[in-house]
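# Structure assessment
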Amino acid sequence: MSLSMEHFLALQNGSDIRGVAMKGRPGEEVKLTGEAANRIAAAYTVWLSERTGKPVGELKIAVGIDSRLTGPALKGEALKAITGMGAEGYDCGLASSPAMFMSTVFGEEAPPAFPAMDGSIMITASHLPFNRNGLKFFTAAGGLEKGDIKELLTRAANIEKKDGGLRKAVSYPLIERYCNHLRRVICRELGAEEGSRPLSGLHIIIDAGNGAGGFFAGGVLEPLGADVSGSLYLAPDGMFPYHEPNPENPEAMEFLREGVLSVGADLGLIFDTDVDRMSAVLDDGTEINRNALIAMMAAVLAPDYPGSTIVTDSVTSDELAEFLTKELGLVHHRFQRGYKNVINECRRLNGEGIVSPLAIETSGHGALRENYYLDDGAYLAVKLIIAGAKASRAGRRLKDLIAGLGYPAEAVEYRLKIRGADNAADYGNEVLEAFAGRAKGAGIKIAAPSYEGVRLVFPDGWALLRRSLHDPLLPLNVEGRRAGSVSAIVCQLRGLLSGFDKLDLNPLL
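Residues numbered from 1 in each chain as written. Predicted model: local features only at pLDDT ≥ 70, side-chain atom pairs only at ≥ 80, totals over all residues. Heavy atoms only, no water.

## Regarding the packing of helix α6 (residues 174–189) against helix α12 (residues 377–393)
Heads up, the rule is: Lines fitted to C-alpha atoms define the axes, with helix axes restricted to the stretch in contact, and inter-axis angles between N-to-C directions lie between 0 and 180 degrees. Only DSSP runs of H or I reaching four residues or more are called helices, and only runs of E reaching two or more are called strands; each is numbered from the N terminus. Our angle categories are set so that under 35 degrees counts as roughly parallel, over 145 as roughly antiparallel, 65 to 115 as roughly perpendicular, and the remainder as oblique. A crossing counts as left-handed when the near helix is turned anticlockwise from the far one by less than a right angle, and as right-handed when that turn is clockwise. Whether two residues touch is decided by their heavy atoms; if any such pair falls within 4.5 Å, the residues are in contact.
Where α6 meets α12, the axes come as close as 10 Å, and the angle between the chain directions of the two elements is 30 degrees. Accordingly, the angle class assigned to the pair α6 and α12 is roughly parallel. The interaxial crossing formed by α6 with α12 has right-handed handedness. Taken together, the residues of α12 that come into contact with α6 (itself represented by Tyr178, Leu182, Val185, Ile186 and Glu189) are Ala378, Tyr379, Val382, Ile386 and Lys390.

## Some details on the sheet that holds strand β15 (residues 358–360)
This is how it is decided: Strand pairing is defined by DSSP finding a minimum of two bridges between the two strands.
Spatial ordering of the open sheet is given by β14-β13-β15-β16-β17, a layout of five strands whose pairing is mixed. The sheet terminates laterally at β14 (331–334) and β17 (374–375), the two strands that pair on one side only. Inspection of the sheet shows strand β13 (residues 309–312) paired to β15 by three bridges, in the parallel sense. Bridged to threonine 312 within β15 is isoleucine 360. Together, β13, β15 and β16 (366–368) form the strand contacts of helix α9 (residues 290–301), whose direction differs from that of β15 by roughly 175 degrees.

## Thoughts on the packing of aromatic side chains
Centre-to-centre distance and the angle between the planes together describe a pair of aromatic rings. Put simply, the rule is: The rule is short: rings of Phe, Tyr and Trp, with Trp giving its six-membered ring, pair when the centres are within 6.5 Å, and they are stacked under 30 degrees, edge-to-face over 60, tilted in between. Only protein chains enter the accessibility calculation, which uses a 1.4 Å probe; a residue whose area is less than 20% of its type maximum is buried, one above 50% is exposed, and one in between is partly exposed. Two thresholds decide whether a charge sits over a ring: the Lys NZ or Arg CZ must be within 6 Å of the ring centre and within 35 degrees of the ring normal.
In the structure shown here, the tally under the stated rule is 13 aromatic pairs. Ring geometry for tyrosine 178 against phenylalanine 215: centres 5.9 Å apart, planes inclined by 65 degrees, an arrangement best described as edge-to-face. Of this pair, tyrosine 178 sits in helix α6 while phenylalanine 215 sits in helix α7 (residues 215–221); the two residues are 37 residues apart in sequence, bridging distant segments of the chain. Phenylalanine 215 matches tyrosine 178 in its accessibility class, with the two residues each being buried. With centroids separated by 4.2 Å and ring planes inclined at 15 degrees, the aromatic side chains of tyrosine 233 and tyrosine 242 adopt a geometry described as stacked. On the basis of relative accessible area, tyrosine 242 is assigned to the partly exposed category, the value being 47%. Each residue in the set Tyr178, Phe215, Phe216 and Phe271 is aromatic and connected to the rest through ring pairs, giving one cluster. The ring of tryptophan 462 has arginine 455 lying over it, and the distance from NZ or CZ to the ring centre is 3.7 Å.

## Quick look at unusual backbone geometry
Keep in mind that most residues, glycine aside, have a negative phi and that most peptide bonds are trans. Omega for the peptide link from alanine 448 to proline 449 comes to 0 degrees, which places this bond in the cis form. The phi dihedral of serine 126 falls on the positive side, at around 55 degrees, and the residue is not glycine. For serine 126, the position within the fold is in the loop between β5 (119–123) and β6 (132–139). At tyrosine 373, a residue that is not glycine, the phi angle is positive and equals roughly 55 degrees. If you trace the backbone, tyrosine 373 turns up in the loop between β16 and β17. By relative accessible area, tyrosine 373 is classed as buried at 17%.

## A closer look at the side chain of serine 356
Stated formally: Whenever two N or O atoms come within 3.5 Å, that pair is a polar contact, provided that in protein one can donate a hydrogen and the other can accept it, and provided that, for residues adjacent in sequence, both atoms are side-chain atoms.
Residue position: serine 356 is located in the loop between α11 (339–351) and β15. A residue is classified by how much of its surface remains accessible, and serine 356, at 0% relative accessible area, is buried. Within the structure, the side chain of serine 356 is placed 2.9 Å from the backbone oxygen of threonine 309, a separation counted as a polar contact.

## A closer look at the pattern of salt bridges
Selection criterion: Any carboxyl oxygen of Asp or Glu within 4 Å of a side-chain nitrogen of Lys or Arg constitutes a salt bridge here.
Scanning the model with the defined rule gives 38 salt bridges in all. A salt bridge links glutamate 77 to lysine 80; the nearest nitrogen and oxygen atoms lie 3.8 Å apart. Here glutamate 77 pairs with lysine 80, and both are found in helix α3 (residues 71–84), just three residues apart, close to one helical turn. What you see here is one network of salt bridges that share partners, running through Glu50, Arg51, Asp148, Glu151 and Arg155.

## Examining the nonpolar core
Keep this limit in mind: Among the buried residues, those of types Ala, Val, Leu, Ile, Met, Phe, Trp, Tyr and Cys that are joined through side-chain atoms within 4.5 Å form a nonpolar core.
By size, the foremost hydrophobic cluster in this structure holds 77 residues, and its most contacted members are Tyr178, Leu199, Phe216, Leu221, Leu267, Leu269 and Met278. Ranked by residue count, the leading element in this core is α12, at ten residues. Excluding its chain neighbours within four sequence positions, the residues that come into contact with leucine 221 are Leu199, Ile204, Ile206, Phe216, Ala226, Val228 and Ile385. Core analysis: the second largest hydrophobic core is formed by 38 residues, Leu32, Ile82, Ile123 and Ile149 among them.

## Some thoughts on the packing of α9 against α12
Direction vectors running N to C along α9 and α12 enclose 60 degrees, while the axes themselves pass 10 Å from each other. When the interaxial angle is binned, α9 and α12 end up oblique. Taken as a pair, α9 and α12 cross one another with a handedness that is left-handed. Counted together, Met296, Met297, Val300 and Leu301 of α9 and Leu380, Lys383, Leu384 and Ala387 of α12 form the full contact between these two elements.

## Things to note about the pairing of strand β3 (residues 60–65)
Extensive coverage of β3 is indicated by the burial of five of its six residues. Taken together, the six bridges between β3 and strand β4 (residues 88–94) define a ladder with parallel strand orientation. By the bridge assignment for β4, isoleucine 65 is matched with leucine 94. In the sheet, β3 pairs with β5 via five bridges, with the strands oriented parallel. Within β5, the residue paired with glycine 64 across the bridge is methionine 122.

## As for the sheet that holds strand β19 (residues 445–446)
Within a beta sheet, neighbouring strands are joined by backbone hydrogen bonds and run either parallel or antiparallel to one another. In spatial order, the strands read β18-β22-β21-β20-β19; together these five strands make up an open sheet with antiparallel pairing. Each edge of the open sheet carries a strand with a single partner, namely β18 (410–417) and β19. Relative to strand β22 (residues 473–480), β18 runs antiparallel, the two sharing eight bridges. Residue pairing in the sheet places alanine 411 in a bridge with glutamate 479 of β22. Against the sheet, helix α13 (residues 424–441) engages β19, β20 (454–458), β21 (461–465) and β22, with an angle of about 25 degrees to β20.

Structure (structure tokens):
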């Protein structure tokens, strides 16, 4: 076993596994090797056997990939490990993260007929550069937690590489089945018969960013009658030659906006590489991402869940909070960054009898209670398309749903690096404690409750200082209600953060 425990543990990225998988960028050494993927998949097989109580020989495990160049080789090693352990391996080919979860839900009743998987692995690194890759794991209960990933990596360091061969793996056309599922959802919600064309007359374009999401145009929209002409970058290409497949990326959103306007589309949709995130552009070029996406999805759900609670991450705007509470009559629960954090909080609330239909981050990760709490960009797109079709029938536009949403005049994120601290997490906590104490002493209001970091409230805006989920730094988000507000707030923040010699304040200068 040539790879050390330290090597494996360094591959953890929250509740996922990620690492450099191929050469191509200076100074970046390959860490996610075929051997690493093989041993991790073998460890997952053992872990899954213990969690399900099934003997390894009875397990069915599916593996899919996005468009990354290293996907096929890593998938091959994962399947060799699964079959080498004695389990049944299913090769799903090009897939999406949500589809891989759904492989654990789909039964034999829906075509194409395959049994429900006991677990699945998606090989992806989301929107990261072309030389990266990673692994996500699913059971019917959802994605794995951070502690589960650490356990898998620890097991992988103590397990031999396996080779059961690829000939034993079963080919599984999962995306075909997933598209069938999404089409059925649209038909049901629009009161249309399966096989009909309820989206006829709608022009919807897709920007897949050369990731795995191109299936949505030809597999979901076209069969339902939509015009998808003018769609962008549908062909898988692991070099991502045109733009980063990332709904948070301004350049990517601009590509979609220009595409919508150039062909006169009714709606544009953009996915990240593995299709667990989505943003949109309306017919007039209005971008529906970050706070606007949260507002739109909440407005779509509000009639069916009056007075319910919407769980968001910590950096959402005050204007969004006002829209959710005053315009929609909902409860806004501003929680923590991290898609697993907001999803788990949504689960917790529902478990306690507090109706929460939506957990959503400004990043575009959005999970609905009605959809297994799965952060599924394609399912969010389906909900938006259904709302758009209903609005069109009523002589309205999607934009009308968020007509009352305000926007901050200014919004900036500063990333304050921690340098030279023996323990960056402990040092960050010390800074946050002192920051809160100094703000209180200066008479600045501290928002409460705060589930992450310290949020300060100013007459013309707010500031949130928190620890990064993964990196040795403190992100500082500042929003202002009028031009110049951010600069005025930052002037006060410099004094509250002075004297910390290991905290780089240069971004604030």
